[in-house]
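Summary of structural features
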Amino acid sequence: DPGPAAADDLARLAELYERKGDSQRAYEYHSKNLRRLDADGGSHPEVVNALRFLAQHAVAAGLPAEAEGALVLLGVAVLLVHLRQKVGDKSFQN
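Attention here is on the structure that accompanies the text. A quick note: this is a predicted structure, and the numbers were derived from the prediction, not measured.

Turning next to helix α2 (residues 23–39). Its 17 residues give α2 an end-to-end C-alpha distance of 24 Å, which sits within 8% of 24 Å, the value for a rise of 1.5 Å per residue. Taken residue by residue, α2 has A26, Y29, H30, S31, N33, L34 and L37 as its buried positions.

Summed over the entire model, instances satisfying the criterion amount to one aromatic pair. Geometrically, the ring pair formed by Y17 and Y29 is stacked, given 5.6 Å between the ring centres and 10° between the ring planes. Taken as a pair, Y17 in helix α1 (residues 3–20) and Y29 in helix α2 lie far apart in primary sequence, twelve residues in all. Across the pair, Y29 and Y17 agree in class, each one buried.

What follows is about the pattern of salt bridges. All chains considered together, the criterion is met by three salt bridges. A salt bridge links D9 to R12, with the nearest nitrogen and oxygen atoms 2.6 Å apart. In this pair, D9 and R12 are both assigned in helix α1, three residues apart and thus about one turn of the helix distant. A salt bridge links R52 to E18; its shortest N-O distance comes to 3.7 Å. One end of the pair, R52, is in helix α3 (residues 46–60); the other, E18, is in helix α1, with 34 residues separating them in the sequence. Since its relative accessible area comes to 27%, E18 is described here as partly exposed.

Moving on to the packing of α2 against α3. Two elements in contact, α2 and α3, have axes separated by 9 Å at closest approach and are oriented at 140°. Taken together, the axes of α2 and α3 are oblique relative to one another. Considering the relative orientation of α2 and α3, their crossing is left-handed. Within the contact between the two elements, α2 uses S23, Q24, A26, Y27, H30, S31, N33, L34 and L37 and α3 uses E46, V47, N49, A50, L51, F53, L54 and H57.

Assessed through its relative accessible area of 14%, Y29 is described here as buried. C-alpha separation for the pair Y29 and L16, spaced 13 residues apart in sequence, amounts to 10.0 Å. Excluding residues that lie within four positions of it along the chain, Y29 makes contacts with L10, L13, A14 and Y17.

Moving on, we get to the nonpolar core. Residues Y29, L34, V47, L51 and L54 are the most contacted members of the largest nonpolar core, which totals 17 residues. Residue assignment for this core shows that the elements contributing at least two residues are α1, α2, α3 and α4 (64–87). In terms of residue count, α3 provides more of this core than any other element does, six residues in total. Not counting the four nearest positions on each side in its chain, L51 is found in contact with L34, A70, L73, L74 and A77.

Calculation notes
Residues numbered from 1 in each chain as written. Predicted model: local features only at pLDDT ≥ 70, side-chain atom pairs only at ≥ 80, totals over all residues. Heavy atoms only, no water. Helix = DSSP H or I, 4+ residues; strand = E, 2+ residues; numbered from the N terminus. Expected span 1.5 Å × (residues − 1). Buried < 20%, exposed > 50% of the residue type's maximum accessible area, 1.4 Å probe, protein only. Phe/Tyr/Trp six-rings, centres within 6.5 Å; stacked < 30°, edge-to-face > 60°. Salt bridge = Lys/Arg side-chain N within 4 Å of Asp/Glu carboxyl O. Axes fitted to C-alpha atoms, helices over the stretch in contact; angles between N-to-C directions. Parallel < 35°, antiparallel > 145°, perpendicular 65-115°, else oblique. Left-handed = near helix turned anticlockwise from the far one by under 90°. Contact = heavy atoms within 4.5 Å. Core = buried A, V, L, I, M, F, W, Y, C linked by side-chain atoms within 4.5 Å.

Below, the structure is given as structure tokens:
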């Protein structure tokens with residue numbers, strides 16, 4: 001199972017497209033990455049970054065319902081990161 005390696009590769013591709021200014025392709029790769037991370041249990045630091053981008057992309061695209069959904073999930077993901085760090089769960093830390 002490639003798990004974290006696949007998530008890292010998808011994250012790098014998404015970030016590359018972000019830097020190139022191709023927000024649609026970045027959106028596609030962040031979305032693929034979130035589906036992959038969800039299938040792996042969601043315990044990866046890239047969840048926060050992907051949700052941040054998806055929320056920003058939805059706002060820029062004029063999709064308020066999608067932006068709101070991404071922001072709610074982002075809030076939950078950030079809380080989980082903090083909780084896991086407090087209890088010493090290394091699976092969610094870089």
